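Chain by chain, the residues run as shown.
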Amino acid sequence: MGRARAKDTEHPSARLGSGGIARVVPAEFGGGYELLIDETPQSHVDPADPTHLHFEYIVRMGALIDQLGSPGEAITAVHLGAGALTLPRYIAATRPGSRQQVIELEAPLVELVREHLPLPRGAAIRIRIGDAREGVRRLPPALVGTVDLVVADVYSGAQTPAHLTSVEFYAELAALLAPAGVLLVNVADGPGLAFARRQVATIRTVLPEVAILADAQILKGRRFGNLVLAASAAPLPADALPRILAAGPHPAKLAHGSEVTAFAKDAAIVTDATAVASPRPDAGLFLR
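The numbering scheme is per chain: residues are counted from 1 as the chain's sequence reads. Restriction of local features to residues with pLDDT of at least 70 applies here, the model being predicted, together with a cutoff of 80 or more for giving and counting side-chain atom pairs; totals for whole chains, interfaces and linings are based on all residues. In computing side-chain values, all of the structure's heavy atoms are included and hydrogens and water are not.

In this section: the overall build of the protein chain. Helix and strand definitions here come from DSSP, where helices need a minimum of 4 consecutive H or I residues and strands a minimum of 2 consecutive E residues; each element is numbered from the N-terminal end. Counting secondary structure elements, the protein chain contains 9 helices and 12 strands. For 288 residues, the compact-globule formula gives about 19 Å, and the C-alpha radius of gyration of the protein chain, at 18 Å, lands near that figure. Expressed as lengths along the three principal axes of its C-alpha atoms, the size of the protein chain is roughly 50 × 40 × 40 Å. Looking at the protein chain as a whole, 52% of its 288 residues are labelled buried. Whether two residues touch is decided by their heavy atoms; if any such pair falls within 4.5 Å, the residues are in contact. Put simply, of all contacts in the protein chain between residues at least 6 apart along the chain, 69% involve residues at least 24 apart. Per-residue and other accessible areas follow the Shrake-Rupley method at a 1.4 Å probe size, with only the shown protein chains counted as cover for residues. Entry remark: accessible area of the protein chain is about 12600 Å², with carbon and sulfur atoms responsible for 54%. When charges are counted, neither His nor the chain ends are considered; positive counts come from Lys and Arg and negative counts from Asp and Glu. Here the site of a charge means atom NZ of a Lys, CZ of an Arg, CG of an Asp or CD of a Glu. Across the protein chain, the centroid of the 27 positively charged side chains sits 2 Å from that of the 29 negatively charged ones. Note that the radius of gyration is over C-alpha atoms, with the globule rule given as 2.2 Å times the number of residues to the power 0.38. Only protein chains enter the area calculation, which uses a 1.4 Å probe; residues under 20% of their type maximum are buried, those over 50% are exposed, and those in between are partly exposed.

Quick look at the structure:
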């Protein structure tokens, strides 16, 4: 989520299968580059410093990833949705030797990023082209039950496709996870948070330990924005995270335990038969 930008045909671009236009442009703030899709920022990367995380929800994901296992320990990760490969780059830099799989629907997007924002030399990042759900089913069988981290951050335009929001889908992701593995889901929702509440209720049916990381005003349902849902079969690092999230330029709140139970209260479980795409944000959100 971000600002709309004035069009500039001088920067590298690619037409996506969806009909949208992806461009790589220098970031307006903080150095590095942004990936824009239809003039809306989707990813930020700094090739000179892959540990520099710019977007607020990505910073929160990074904070939780830092708590997995021992500091610097290599992990196995699966990413659904590539963008500019911000988190795979971060993991490769902070956890050398990690094995990562990325599933991305748009081949032209991957080609654009590979050419103009090359991956770090030696990073073990395998990119697979295809639908996220179908791609999960085609992953090597040896990954089942061994993955330390699954990141679900898939958007078609500004919405998560309906078939990536159901209990059946989350059960497939949960099957990939090692006993202490963690699922991170980027959920965008607006006032009332009806969609996010259903997502929390749905994920809890397959991974009982759930925490929510978000700006306090978003978590209260006062404005549209991103919520990071973290889920696992094992206890999450809830003790360390509040201090980490409260620091830095974008303070956030972590809800867990009884707060998550209250958040999801009475929300319906989403199934393949009832799933709908995430809500579309108001166009004015990107004109800040």
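Now that the structure has been shown, we can carry on.
Angles here are taken between N-to-C directions and fall from 0 to 180 degrees, while the axes themselves are lines fitted to C-alpha atoms, restricted in helices to the stretch in contact. It is at 11 Å that the axes of helix α1 (residues 56-65) and helix α2 (residues 86-94) come closest, and there the two elements cross at 35°. Here α1 runs over α2; the crossing is right-handed. Here I58, M61, G62 and I65 of α1 come into contact with α2, specifically with T86, L87, Y90 and I91. Each residue is assigned to one class: nonpolar for Ala, Val, Leu, Ile, Met, Phe, Trp, Tyr, Cys and Pro, charged for Asp, Glu, Lys and Arg, and polar for all the others, Gly among them. Taken together, the residues of the contact of α1 with α2 sort by class into 6 nonpolar, 2 polar and no charged. Crossings are assigned a handedness: left-handed for a near helix turned anticlockwise from the far helix by less than a right angle, right-handed for a clockwise turn.

This next bit is on the nonpolar core. Residues belong to one nonpolar core when they are buried, are Ala, Val, Leu, Ile, Met, Phe, Trp, Tyr or Cys, and are joined through side-chain atoms within 4.5 Å. Residues L80, L173, I212 and L227 are the most contacted members of the largest nonpolar core, which totals 40 residues. For L173, the residues in contact, after removing those within four places along its chain, are L80, V136, V150, A152 and L183. Counting 28 residues, the second-largest nonpolar core is a separate cluster that includes L53, I65, L184 and L245.

For the rest of this paragraph, the subject is the sheet that holds strand β7 (residues 124-129). The mixed open sheet is built from 8 strands, whose spatial order is β7-β6-β5-β8-β9-β11-β10-β12. Each edge of the sheet is formed by a strand with only one pairing partner; in this case those strands are β7 and β12 (253-256). The sheet shows a mean angle of 15° between the axes of neighbouring strands, direction not considered. Direction of pairing for strand β10 (residues 209-214) relative to β12: antiparallel, over a ladder of 4 bridges. Two strands qualify as a pair provided that DSSP identifies no fewer than 2 bridges between them.

The next thing to look at is the pattern of salt bridges. Salt bridges are counted wherever a side-chain nitrogen of Lys or Arg sits within 4 Å of a carboxyl oxygen of Asp or Glu. Applying the stated criterion across every chain, the model contains 8 salt bridges. Where E39 meets R23, a salt bridge forms, and the shortest distance between an N and an O atom there is 2.7 Å. Taken together, the residues E39 in the loop between β3 (33-37) and β4 (40-45) and R23 in strand β2 (residues 21-26) connect sequence positions 16 residues apart. Comparing E39 with R23 shows no difference in burial state: the two are buried. R137 is the salt-bridge partner of E172, the closest N and O atoms lying 3.0 Å from each other.

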